[in-house]
Amino acid sequence: MLSIFFTLCVLGILAFDSSKKLTQSFSHRWIAGVASLLTMLSCGSLYTYLKTEKNFELHFSKISSNESFLILRLKEPLVEKAKSYKALMEVEGVLDSLKFLKKTDGKLLVYIAKDSLSKDLRYGDLIYAKVKRTDIKGPMNPGEFNYQRFLYFHQIHQQAYLNSGTWIKLRSKESNFLFEFSYSLRDRLVACMKEYIPDKRNYAVASALTVGYEDDLDQELIQAYASAGALHVLSVSGMHVALIYQLLVMVLMFAIRNTKYRWIHYVIALLFLWFYAILTGYSPSVLRSTVMFTFIILAEWINRNTTTFNTIAVSVFVLLLYDPFIITEVGFQLSYLAVIGIVYLHPLIHVWIEPKYWFTRQIWTITSVSMAAQVATFPLGLLYFHQFPLLFVISNLVVIPLTTLIIYGCIALIAVSKIGVVASFVGKIVSLMLYATNYSVLFVDSIPSALLTGISITIFETWLIFGMIIFTLVYLASKNAKNIMVVLGMLALLLCAQIIESLEQKWQKSFVIYNVKNATAIDLIEGRKRIFIGDSALQNDRSKKLFHLTHHRWDIGLSDKNEDWQLYDKNTIYVVGDGKKLAHLCDTVNTTIQKTGTNLITLDWVVVSNNNIESLTNLSNNAQVKQVIIDSSNNNKSKYKIKKFLESRSIPFYDVNEKGAFEYKF
């Protein structure tokens, strides 16, 4: 593989060199462009290969078996879960069969049982543990978030669980001093806000806004911010970096006026910006903004003019050198698209209206910035999140000014935290602003049709939409009618793709038994209508349905409006597809499924729920069963008994909990 990359790089360079002779003619200048692109792609591919830890012999997976003794170092602070702590560990060594320690590298996702020892673990601690590793599973339901791919791009391929007593702490805090200080400071800042902002939701939003600590945000509030089109404020982003930079400029104004001490401003600004990036955990959007501001500050320092687009391009290049996988981050993609949209589109939109008064000018500025960012990012929003916030302009008019004041208020709160009376007063003011922000977001979320959901587009269709936006802007700049023809051609392709998809959805027939922990979830689908078979707890759990079921339904053109929900409470036979029969066994008492006369019933599929081996045993005497599906509501003990029984009868079976959702298309 490595030799292929080297060969491509050499060929690209040779092609670029030879293209110089050909490009003396204007009509052949495109050859140099293609050669340059080939060279860059080849070098980028080679660099990505060299930055992939698993490709090298020192990676722990190439040295040890899946069950071995490892030396692990905590790379980040623990994240508290319901029954365990989640930890990202660096594997620094492996003990082989001869008890020799071999130096290794590579990341491992570890869950540690809660006890008196694990709660005291800190960033940089070194532990020795007997570890049984497992590969991280892919999505267990169609359309579900691909956590395996997400971790793969973070170079994490395996996970492990450490019970109490299976590990010991070796040494403490042999770590990067800057990161250790940053994490410690973040914990103190979060504790400060928790003390003076008592309401849990308000404190959670304040922590997310200022230092990027999102562990205490509840799912309902996150969904409300997403529905209102204001989710971007909960993730520390370029806006937050810009606000911090503006504050630094105001504080250091004395240094700017005096040419002799001007360098102090640049040095302090750079130090604070990068420290803030570390404090917020190096999120892609903060990295993007920090790198961009770094180049802007350096350009001012050496008195060099620079264009924003060149700064954006350089920051992308630097970040990809730091981590080529960062381009896969949704936040990175949305962040860069938003800033490009604001830089290019905002001036074009802003001139549409010229308000007379200061207040109306501020309103129009926020509105035009929101519109510019939304135009640039909405195709990715449709692709990744299947939704579009219709009232984003209204919510941002309230949220952006308030969050700006909240960020400055939190900085003031931290500054006076040692003065209890003053800190308490500032905390109350910040709490009022947080309450107003959350209330406005929840109010917008409660408005019917505030969020357009259920939109499903493919990657190809996403590129078509981006192409239409780009060529429309080119037409507005050049007034060349050919660009409009290109836009119309792309629109025709998009409509054709949607029509084909719509026809497929109109005639679809299928059923899906989903993998939802400790629950039964079955969709019987015909056209754009479906019957959902499940319990009331799952039916009323919005977040669980959204994660496990809803995205697949949107992908195949289904909505809640066309749902016929059935509470499963008895053993039932459903006729699905072209006359095939699916039986659902959920009640050990109800025995409605019996043979008629001497003839056995032929059942194509039997779904077993709620540990119902008794009904399955009775049914096997009355029916010819072609395949049994064991859903996620069965516990491990019952699944073992069911499988043993089916093996004794030579009946094929499918375990949803192990293999993922069972989907059959007619």
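Every chain is numbered independently, its residues counted from 1 as its sequence is written. With pLDDT at 70 or above as the cut-off, local features in this predicted model cover only qualifying residues; side-chain atom pairs require 80 or more to be listed or tallied, and sums for whole chains, interfaces and linings still use all residues. Each side-chain value is worked out from all heavy atoms of the structure, with water and hydrogens disregarded.

## Comments concerning the pairing of strand β15 (residues 572–576)
- When a residue's accessible area, from a 1.4 Å probe over protein chains only, is under 20% of the maximum for its type it is buried; when over 50% it is exposed; and in between it is partly exposed. The numbering of helices and of strands both runs from the N terminus, where a helix is a DSSP run of H or I of at least 4 residues and a strand a run of E of at least 2. Judged by which residues are buried, β15 turns out to be one-sided: T572, Y574 and V576 face inward and are buried, whereas I573 and V575, on the alternate face, are not.
- Two elements, β15 and strand β16 (residues 580–585), share five bridges in a ladder whose sense is antiparallel. What sits directly across from I573, in β16, is A583.
- Pairing between two strands is assigned when DSSP locates at least 2 bridges connecting them. As consecutive antiparallel partners, β15 and β16 are separated by three residues, and within that stretch G577 has a phi angle of approximately 60°, a positive value.

## Thoughts on the packing of aromatic side chains
- Side-chain rings of Phe, Tyr and Trp (the six-membered ring for Trp) are treated as a pair once their centres are within 6.5 Å; stacked means planes under 30 degrees apart, edge-to-face means over 60, and tilted covers the remaining angles. All chains considered together, the criterion is met by 20 aromatic pairs.
- Aromatic pair F153 and F325: ring centres 6.4 Å apart, planes at 35°, arrangement tilted. You can see F153 sitting in the loop between α3 (147–152) and β7 (156–162) and its partner F325 sitting in the loop between α11 (308–322) and α12 (330–350), a full 172 residues away along the chain.
- A residue is classified by how much of its surface remains accessible, and F325, at 9% relative accessible area, is buried.
- Here the aromatic rings of Y664 and F666 are separated by 4.9 Å at their centres, their planes lie at 70°, and the arrangement is edge-to-face.
- A relative accessible area of 31% means that F666 is categorised as partly exposed.
- Put simply, the rings of F511, W605, Y654, F662, Y664 and F666 touch in pairs and so form one group of aromatic residues.
- Across from the ring centre of Y85, 5.7 Å away, lies the NZ or CZ of K114, which sits over that ring. Note on criteria: charge over ring means Lys NZ or Arg CZ within 6 Å of the ring centre, with the direction from the centre no more than 35 degrees off the ring normal.

## Some thoughts on the pattern of salt bridges
- Each salt bridge in this description consists of a side-chain nitrogen of Lys or Arg and a carboxyl oxygen of Asp or Glu lying within 4 Å of one another. Tallied over the entire structure, the rule returns 12 salt bridges.
- Note that R73 and E92 form a salt bridge whose closest N and O atoms lie 2.7 Å from each other. Placement of R73 in strand β1 (residues 67–74) and of E92 in strand β3 (residues 84–95) is noted, with a sequence separation of 19 residues between them.
- On the basis of relative accessibility, which here comes to 12%, the residue R73 falls in the buried class.
- Its relative accessible area of 28% is what places E92 among the partly exposed residues.
- Each of the salt bridges in this network shares a partner with another, and the network as a whole consists of K639, K643, D655 and E658.

## Some words on the confidence of the model for the chain
- This prediction gives the chain a mean pLDDT of 83; 88% of its residues lie at or above 70.
- Averaged pLDDT values over the elements of the chain bottom out at 56 in helix α1 (residues 2–22) and peak at 95 in strand β21 (residues 653–655). Each residue carries a pLDDT value, the predictor's own confidence for that position, ranging from 0 to 100.

## A look at the nonpolar core
- What we call a nonpolar core is a set of buried Ala, Val, Leu, Ile, Met, Phe, Trp, Tyr and Cys residues that are connected through their side-chain atoms within 4.5 Å. Ranked by size, the top nonpolar core spans 52 residues in total, and within it I197, V205, Y225, V430 and L434 carry the most contacts.
- Sequence-distant contacts of V205, that is, excluding residues within four places in its chain, are made with L217, L221, Y225, L234, L434 and N438.
- L70, L72, I127 and W167 belong to the second largest nonpolar core, which has 20 residues in total. We call two residues in contact when some of their heavy atoms are within 4.5 Å.

## Some thoughts on the sheet that holds β21
- Strand order in this open sheet of five strands is β15-β16-β18-β20-β21, and the pairing throughout is mixed. Each having just a single partner strand, β15 and β21 make up the two edges of the open sheet. Between one strand axis and the next, the sheet turns through 20° on average, direction left out of account.
- The sheet contact formed by strand β20 (residues 628–630) and β21 spans three bridges and is parallel. Each residue of the ladder has a partner; that of I630, found in β21, is D655.
- As a rule, the C-alpha atoms of each element are fitted with a line to give its axis, helices using only the stretch in contact, and angles between N-to-C directions run from 0 to 180 degrees. Along the sheet, helix α21 (residues 636–648) makes contact with β18 (605–608), β20 and β21, crossing β21 at roughly 160°.

## Some remarks on a nonpolar patch on the surface
- Together, M485, L488, L491, L495, I499, L503 and W507 give the surface a local cluster of nonpolar side chains, amounting to about 760 Å² of exposed area.
- For W507, the position within the fold is in the loop between α17 (481–506) and β11 (509–513). Two distance rules govern patches: like charges are joined within 9 Å, and nonpolar side chains (Val, Leu, Ile, Met, Phe, Trp, Tyr) within 5 Å, applied only to residues with over 30% relative accessible area and no salt bridge. Here the open area of atoms and residues is found with the Shrake-Rupley method and a 1.4 Å probe, where only the protein chains shown may cover a residue.

## Digging into the packing of helix α6 (residues 219–227) against helix α15 (residues 420–446)
- At their nearest, the axes of α6 and α15 sit 8 Å apart, and the two run at 70° to each other. For the element pair α6 / α15, the angle class is roughly perpendicular. As α6 packs across α15, the resulting crossing turns out to be left-handed. Every residue of α15 that contacts α6 at L221, A224, Y225 and S227 is listed here: T437, N438, V441, L442 and D445.
- Polar here means any residue outside two lists: the nonpolar Ala, Val, Leu, Ile, Met, Phe, Trp, Tyr, Cys and Pro, and the charged Asp, Glu, Lys and Arg; Gly therefore counts as polar. Considered class by class, the residues forming the contact of α6 with α15 number five nonpolar, three polar and one charged. An angle counts as roughly parallel when it lies under 35 degrees, as roughly antiparallel when it exceeds 145, as roughly perpendicular when it falls between 65 and 115, and as oblique in every other case. If you view the pair so one helix is near and one far, a crossing is left-handed when the near helix is turned anticlockwise from the far one by less than a right angle, and right-handed when it is turned clockwise.

## Some remarks on unusual backbone geometry
- With a phi close to 60°, Q155 is a non-glycine residue in the positive phi region.
- Relative to the assigned elements, Q155 resides in the loop between α3 and β7.
- For Q155, a relative accessible area of 9% puts it in the buried group.
- If you check the backbone angles, N518 has positive phi at about 60° while not being a glycine.
- Its location among the elements puts N518 in the loop between β11 and β12 (521–526).
- The exposure class of N518 is exposed, given its relative accessible area of 59%.

## Quick notes on helix α5 (residues 200–211)
- A helix is expected to span 1.5 Å multiplied by its residue count minus one. In this model α5 runs 16 Å from its N-terminal to its C-terminal C-alpha over 12 residues, within 8% of the 16 Å that 1.5 Å per residue would give.
- Burial analysis of α5 places 10 of its 12 residues in the buried class, the great majority of the element.
- Along α5, the positions that sit buried rather than exposed are N202, Y203, A204, V205, A206, S207, A208, L209, T210 and V211.
- Residues adjacent in sequence count toward polar contacts only when both atoms are side-chain atoms; beyond that, a polar contact is any pair of N or O atoms within 3.5 Å, and within protein one must be able to donate a hydrogen and the other to accept it. Regarding α5, its N-cap is D199, as a side-chain oxygen of that residue lies 3.2 Å from the backbone nitrogen of R201 further along.
- Looking one or two residues beyond α5, the residue adopting positive phi is G212, at roughly 75°.

## Describing the packing of helix α20 (residues 613–622) against α21
- Contact pair α20 / α21: the axes reach a minimum separation of 10 Å and the direction vectors enclose 15°. It follows that α20 is roughly parallel to α21 by the angle criterion. Between α20 and α21 lies a crossing whose hand is right-handed. Residue-level inspection shows I613, L616, T617 and S620 of α20 in contact with α21, the latter providing K641, I642, F645 and L646.
- Partitioned by chemical class, the residues of the contact of α20 with α21 number five nonpolar, two polar and one charged.

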